[in-house]
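Below, each chain spelled out in residue letters.
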Amino acid sequence: ALVEIVVPVMVVFVTTSQLSARHKNLVQVTPIFLGLVVCVLFTLGEYFRSWSFYRPLYHGPYLQFAAERFMGYYTTAVNNAAVVYHYEPLHPLRHTFTALFEFPILGSFVSAGYAGVFGDSYLDPFLLEKYANPEFNNIPMTGLLVNEYSVFLAPAAAFMLGVLSVSLYRSFLRGRLIGVLVYPGWYVGILEIPRIYYWSGVRYFPTLALLAVTLFAFALARKSVLTSSGGRMYTDSFRTSQVEVLR
């Protein structure tokens, strides 16, 4: 959760015009710095989350344990994608709309309706026990796209996501509202491509909901400003015509 806050803040911070102009070298090494920050945060989190359980079983120092856990999430994700590709049937659009399937109350109806048409869409735990590690059950975005669209259409879906990412990035650099609101959080999903399908998950849904509320409020404010400006312009033109008539 801290990474999802720190990374967007850093994206905004390092792309400001003043910082980019004054500290070009700092901006260039920022990705490396962010990687180190993520490693440090993960190491601290694992100490309180997993080390208390594995400490009696693991024969080695804690830093080695944390490094293996960190790399394990990414290396096993690739293997999990291969397991899904070989042993799971296609599940069209199941992973793109994960947040909808996991939404409270509504998700149960959506899941039941989807299962009635395409079958059960949950990864069989037996497959992970036999071919992978049930504890590391992450699947990268590339593997889920193949499971959704087949090996033939998945590259097209990935290409569209790439185009969308580039568009958001350019919009962010130009200071447009959509880019400024969306891209900092979207960048987290780009970093997570080798591990999970971040944008479709429940963790990204609050960002989309907040975006919708913000755009709606902005539209109302803009409409109010335009209406008041139009009224003032009409009043000014009416007064001007009156003065000309009196003359």
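Please refer to the structure placed before this passage.
Residues numbered from 1 in each chain as written. Predicted model: local features only at pLDDT ≥ 70, side-chain atom pairs only at ≥ 80, totals over all residues. Heavy atoms only, no water.

Enquirer: I'd like a rundown of a nonpolar patch on the surface, residues and numbers included.
Expert: A cluster of nonpolar side chains, Leu93, Phe97, Leu100, Phe103, Leu106 and Phe205, forms an exposed patch at the surface whose accessible area comes to about 510 Å². Within the fold, Phe205 resides in helix 12 (residues 205-246). (Patch = residues over 30% accessible without salt bridge, like charges linked within 9 Å, V, L, I, M, F, W, Y side chains within 5 Å. Areas by Shrake-Rupley, 256 points an atom, 1.4 Å probe, with all protein chains shown as cover. Salt bridge = Lys/Arg side-chain N within 4 Å of Asp/Glu carboxyl O. Helix = DSSP H or I, 4+ residues; strand = E, 2+ residues; numbered from the N terminus.)

Enquirer: Break down the pattern of salt bridges for me, citing the residues and quoting the values.
Expert: Close approach of charged atoms lets side chains of opposite charge pair. Scanning all chains against the criterion turns up three salt bridges. For the salt bridge of Glu46 with Arg49, the shortest nitrogen-to-oxygen distance reads 2.1 Å. Taken together, the residues Glu46 and Arg49, both in helix 4 (residues 30-49) and three residues apart, mark about one turn of the helix. Taking the relative accessible area as the measure of exposure, Glu46 reaches 1% and is therefore buried. For Glu192, the salt bridge identified is with Arg195, shortest N-O distance 2.9 Å. Of the two residues, Glu192 and Arg195, both sit in the buried class. Each member of the salt-bridge network shares a partner with another, and the members are Glu46, Arg49 and Arg69. (Buried < 20%, exposed > 50% of the residue type's maximum accessible area, 1.4 Å probe, protein only.)

Enquirer: Run through the side chain of Glu148, naming residues and quoting values.
Expert: Looking at the element boundaries, Glu148 is found in helix 10 (residues 141-173). If near-sequence neighbours (up to four positions away) are discounted, Glu148 is found in contact with His91, Pro92, Leu93, Arg94, His95, Thr96 and Tyr197. (Contact = heavy atoms within 4.5 Å.)

Enquirer: Explain the nonpolar core to me, and be specific about the residues and the numbers.
Expert: Within the largest apolar cluster, 24 residues are counted, with the highest numbers of intra-cluster contacts made by Leu145, Trp186, Tyr197 and Trp199. Those elements that provide at least two residues to this core are helix 1 (2-14), helix 6 (62-87), helix 10 and helix 11 (177-191). If one sorts the elements of this core by residue count, helix 10 sits on top with nine residues. Contacts of Trp199, omitting those with residues within four sequence positions, involve Met141, Leu161, Ser165, Trp186, Gly189, Ile190, Ile193 and Tyr204. Residues Trp51, Tyr58, Tyr62 and Phe65 belong to the second largest nonpolar core, which totals six residues. (Core = buried A, V, L, I, M, F, W, Y, C linked by side-chain atoms within 4.5 Å.)

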